[in-house]
Amino acid sequence: QVQLVESGGGLVQAGGSLRLSCAASGRTFSNYDMGWFRQAPGKEREFVAAISWSGGSTYYEDSVKGRFTISRDNGKDTVYLQMNSLKPEDTAVYYCAARRGGVNYNARFYNYWGQGTQVTVSS
């Protein structure tokens with residue numbers, strides 16, 4: 001089992017920045033590929049970004065490219081999502097997730113999930 005705990009969400013004005021953190025425990029963190037997903041009210045959970053177990057490969061949803069950066073520190077068992085130039089449409093609950101066997105854009109292929117952290121961007 002892998003336990004994931006997100007933090008860092010909050011209320012920010014459009015154009016502002018937030019950094020989300022996801023702390024892992026329970027298994028060897030460096031064995032897992034990690035993803036960030038988000039879910040807005042009335043919408044399906046969607047892919048935001050992902051990073052391979054080594055940190056050597058990163059992937060982004062088109063609407064966040066150039067604004068969000070995913071990174072990880074395997075020594076601290078933590079994955080981060082730096083979010084800059086935030087827009088009201090980025091408002092959602094953000095979840096981190098873990099899987100083994102390669103990065104995937106589909107939430108159904110992730111085995112472990114955190115509880116989520118709310119990000120609200122005001123216009």
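Let me begin by describing the structure that accompanies this report. (Residues numbered from 1 in each chain as written. Predicted model: local features only at pLDDT ≥ 70, side-chain atom pairs only at ≥ 80, totals over all residues. Heavy atoms only, no water.)

**Overview of the sheet that holds strand S1 (residues 3-7)**
(1) Moving on: Spatially, S1-S3-S8-S7 is the arrangement adopted by the 4 strands of the open sheet, whose pairing is antiparallel. Because the sheet does not close on itself, it has two edges, and the strands there are S1 and strand S7 (68-73). Averaged over neighbouring strand pairs, the angle between their axes works out to 15 degrees when direction is ignored.
(2) Moving on: Sheet topology note: the strand S3 (residues 18-25)/strand S8 (residues 78-83) ladder contains 6 bridges and is antiparallel. Paired with Arg-19 across the strands is Gln-82, a residue of S8. (Pairing = 2+ DSSP bridges. Helix = DSSP H or I, 4+ residues; strand = E, 2+ residues; numbered from the N terminus. Axes fitted to C-alpha atoms, helices over the stretch in contact; angles between N-to-C directions.)

**Description of the nonpolar core**
(1) Moving on: Within the largest apolar cluster, 30 residues are counted, with the highest numbers of intra-cluster contacts made by Leu-4, Met-34, Trp-36, Leu-81, Met-83 and Tyr-94.
(2) Moving on: Mapped onto this core, the elements with two or more residues apiece are S3, strand S4 (33-39), strand S5 (46-51), S7, S8, strand S9 (92-99) and strand S11 (117-122).
(3) Moving on: In this structure Leu-4 touches Cys-22, Ala-23, Ala-24, Met-34, Cys-96, Ala-97, Ala-98, Tyr-112, Trp-113, Gly-114 and Gln-115, once residues within four positions along its chain are discounted.
(4) Moving on: Core analysis: the second largest hydrophobic core is formed by 6 residues, Ala-50, Ala-97, Ala-107 and Tyr-110 among them. (Core = buried A, V, L, I, M, F, W, Y, C linked by side-chain atoms within 4.5 Å. Buried < 20%, exposed > 50% of the residue type's maximum accessible area, 1.4 Å probe, protein only. Contact = heavy atoms within 4.5 Å.)

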